[in-house]
Number of protein chains: 2
Amino acid sequence: MAISNIRYGEGVTKEIGMDLQNLGAKRVCLMTDKNLSQLPPVNAVLNSLAKYGINFQMYDNVRVEPTDQSFLDAITFAKKGEFDAYVAVGGGSVMDTCKAANLYSSSPMSDFLDYVNAPIGKGKPVTVPLKPLIAVPTTAGTGSETTGVAIFDFKELKVKTGIASRAIKPTLGIIDPLHTLSMPERIVANSGFDVLCHALESYTALPYNMRSPCPSNPINRPAYQGSNPISDVWALHALRIVAKYLKRAIRNPEDREARANMHLASAFAGIGFGNAGVHLCHGMSYPISGLVKTYKPKDYNVDHSLVPHGLSVVLTSPAVFAFTAQMHPERHLEAAEILGADIRTARIKDAGFILADTLRKFLFDLNVDDGLAAIGYSKADIPALVKGTLPQERVTKLSPRPQTEEDLSALFEASMKLY
Amino acid sequence: MAISNIRYGEGVTKEIGMDLQNLGAKRVCLMTDKNLSQLPPVNAVLNSLAKYGINFQMYDNVRVEPTDQSFLDAITFAKKGEFDAYVAVGGGSVMDTCKAANLYSSSPMSDFLDYVNAPIGKGKPVTVPLKPLIAVPTTAGTGSETTGVAIFDFKELKVKTGIASRAIKPTLGIIDPLHTLSMPERIVANSGFDVLCHALESYTALPYNMRSPCPSNPINRPAYQGSNPISDVWALHALRIVAKYLKRAIRNPEDREARANMHLASAFAGIGFGNAGVHLCHGMSYPISGLVKTYKPKDYNVDHSLVPHGLSVVLTSPAVFAFTAQMHPERHLEAAEILGADIRTARIKDAGFILADTLRKFLFDLNVDDGLAAIGYSKADIPALVKGTLPQERVTKLSPRPQTEEDLSALFEASMKLY
């Protein structure tokens, strides 16, 4: 169980120049994306770098929902720059790209596939020292500021995969809720759904002591270890915050209390899933994003089709938890209660249906697209979606209930329409 | 907010030889105390070191409730040994001694007072790199495996003080609940009271954003930052476990569930107070321990008088929380409820009395000595106890309610007799 350092508070971003001075940084790489480069979070960082005379180069070419190619572009920039510290200002796409840039520029002889999760890549352990990376999240969803995970779209295989190693975890996460005030409504919603699923999946993941085989050396333990008494604390706490604040944060950009709480919940859920792992919603989400056809979500200012990560995750959640509940029904029921269900007369064997219904109502209230059909998929796509899920073993094997290809087909089919 | 790595599970101690191999350790210092050196936790470590061929030297001269002199003895051993890794197997006394040995042998030119907390020492920041330290707690109390704090008795001044720096935090805490099965009844009780007070004090500590002055550079922030949204999660969670399991853990050594849960609660509360800090119970406890006359507690196999740390902390807790409640009455009431009080008809202005009564009942049920008088103090000692509290600014200033010398006198007087 490893947890990053985080600093929390309105305005704490202004200290980042001092942090870099304290780290002795002489050549800093500031990563962000084109939209953010014009917005207050990046301005706050630039002001602090100027105030403390920090020498830096900015890379604002991060792709929203990054690909192997966009990772490689950032890595090339990082290798050329010979940086001694990194700052990532953005959502998961920026933070993940920056982790990859830091990793591969610190390990310049490695092939890209060396560190990519098996079975797609070689999943080699990271043994080189990395440079310090300070992450400044601007969304309330990914929790990437607390995790050792970097996710990208592998274009050739049309599938999302990633790199997972404690070594790429940021040195410091600066959680400044002021940054969430610039988030548009759908970005708040979709990133919030990611928090919701991080919490639900890590709380219901296969328990850490039921994983097998048990690695013979602790150094070979995966970053995702299964649910455990520590990640449970974070998952439940994050879920309670989501239940209380997500709707408010989406509906009212001026609701600072709600947005600040969701910003913290994102980090809390990150600490939880960063150790416990996620399972089927995330495993199935990668082909949902990777196989996107023409869907362009509202509020995302990008030039390519994309299914936002949080949306790709949450659309299967009712079906997934109806499927997994038989393994830990009491946990599923507890989650449903936290999300507002009245469980006083509930039967334990109905836990899955109750949580699924609660999630459907939650999503309906928030105007979420009506299932996979609403974002461009049909029954004919199911075999491809299943095929894209199979390589996601790293997470799917953490499902509390093992699943066959037929099970996955049924889960996708049940997720075509929600309401 | 910085959190150590911890590993949890029955039997995980057997992996420690592999961990040391993974760290590339060639000369390991194993620290423990004379009693423990004959007991199963040390045996488990020795077996693993032998199995993996780890070269080590054992230092079993750690003093229970260490002093400046006992720290110096351990430091001398460490300097001579030129170790490249440390393993501490024991309670807070062992872990704290090992942290000091690691620190001063890594900074051989420093005077002992350089790193001791101001105003007693110079409180210099630690800038030298330390060796890896793996902590294996054998009590369920201190949480020292998760903190950057090392406490000792400064004999000359008859006062407890310590060293506080994130730099001395263990690299890894191995929380193996099997080790708590060898704890005698009073050690379970007293170390459990430490968990109780860590949780209560860190939850009621001055909030992080009300501390002043605010350091101009984040590197100068103290380890103890005041209560905050993250430490609150740990404090409340630990308090709930204490409420549920402490009595069971004390009364029945065979109650593995209770002892395992208290072992985890100790680490949880450690993560909470290690970031938020503690306040008056701890600040006042240092002279209570430091000025001990002839008290020899049951179940402690030592050749000197001592007031166990947990006991010295908990005896003032009813008076302290009756005093501090006016600043955060709702938090005090919430704590009382978690500890079993019926607060349905409680008035908020009675929060302090309610929590104090709840604590008195809790302690009475557990056969705790009836106040400071029962451990050898009288009214005549109060001026010396107050004088010994005044240098404990590092913690007393985290009290939510500022206190005068008269206030401290009144708190000691109110703690002479509890029932």
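All values reported here derive from a predicted model rather than from experimental measurement.

What counts as what
- Residues numbered from 1 in each chain as written.
- Chains lettered and ligands numbered in written order.
- Predicted model: local features only at pLDDT ≥ 70, side-chain atom pairs only at ≥ 80, totals over all residues.
- Heavy atoms only, no water.
- Axes fitted to C-alpha atoms, helices over the stretch in contact; angles between N-to-C directions.
- Helix = DSSP H or I, 4+ residues; strand = E, 2+ residues; numbered from the N terminus.
- Parallel < 35°, antiparallel > 145°, perpendicular 65-115°, else oblique.
- Left-handed = near helix turned anticlockwise from the far one by under 90°.
- Contact = heavy atoms within 4.5 Å.
- UniProt positions renumbered as here; feature names shortened; annotations may be inferred.
- Pairing = 2+ DSSP bridges.
- Least-squares fit on C-alpha atoms with pLDDT ≥ 70 in both.

Visitor: Is there a simple way to explain the packing of helix 5 (residues 185-204) of chain A against helix 6 (residues 229-251) of chain A in this structure?
Guide: Two packed helices can be described by the angle between their axes and the distance between those axes. All names here are of chain A. Orientation of helix 5 relative to helix 6, taken along the N-to-C sense of each, is 155°, at an axis distance of 9 Å. On the basis of their axis angle, the class for helix 5 and helix 6 is roughly antiparallel. Relative to helix 6, helix 5 is oriented so that their crossing is left-handed. On helix 6, the residues that touch E185, R186, V188, A189, G192, F193, V195, L196, A199, L200, S202 and Y203 of helix 5 are D232, A235, L236, A238, L239, V242, L246, A249 and I250.

Visitor: How should the UniProt feature "domain: Alcohol dehydrogenase iron-type/glycerol dehydrogenase GldA" (unreviewed entry) in chain A be read in this particular structure?
Guide: The sites that carry the UniProt feature "domain: Alcohol dehydrogenase iron-type/glycerol dehydrogenase GldA" (unreviewed entry) are, in the present numbering, residues 5-177 of chain A. Taken end to end, residues 5-177 of chain A is 28% helix and 23% strand, and its first and last C-alpha atoms sit 17 Å apart.

Visitor: Would you mind showing me how to read the sheet that holds strand 8 (residues 172-175) of chain A here?
Guide: Neighbouring strands of a sheet are bound in pairs by backbone hydrogen bonds; such pairs are parallel or else antiparallel. Residues and elements named next belong to chain A. In space, the six strands of this open sheet follow the order 1-8-5-4-2-3, with parallel pairing throughout. Looking at strand neighbours, the two that pair on one side only are strand 1 (5-8) and strand 3 (56-59), the edges of this open sheet. Across this sheet, the average inter-strand angle for adjacent strands is 20°, counted without regard to direction. Bridge count between strand 2 (residues 28-31) and strand 3: four bridges; the pairing is parallel. Following the sheet pairing, V28 is matched in strand 3 by F56. Across the sheet, helix 7 (residues 256-276) touches strand 1, strand 5 (133-137) and strand 8, and the angle it forms with strand 1 is around 175°.

Visitor: Sorry, what's going on with the sheet that holds strand 2 (residues 28-31) of chain B here?
Guide: All names here are of chain B. Taken together, the six strands give an open sheet; going across it, the order is 1-8-5-4-2-3, and neighbouring strands pair in parallel fashion. The open sheet terminates on both sides in strands that have one partner only, identified here as strand 1 (5-8) and strand 3 (56-59). When strand polarity is set aside, the average angle formed by the axes of neighbouring strands in this sheet is 20°. Contacting strand 1, strand 5 (133-137) and strand 8 (172-175), helix 7 (residues 256-276) runs over the sheet at an angle of about 175° to strand 1.

Visitor: Looking at this structure, I do not really get the relation of the copies chain B and chain A. What am I missing?
Guide: Each of the two chain copies goes to the other by way of a rotation about an axis and a shift along it. When chain B is fitted to chain A, the best match, at an RMSD of 0.0 Å, comes from turning it 180° and sliding it 0.0 Å along the axis. Those values place the two copies in the arrangement expected of a two-fold rotation axis. Of the interface residues in chain B, 100% have counterparts in chain A that sit at the interface too, so the contact is made through matching surfaces.

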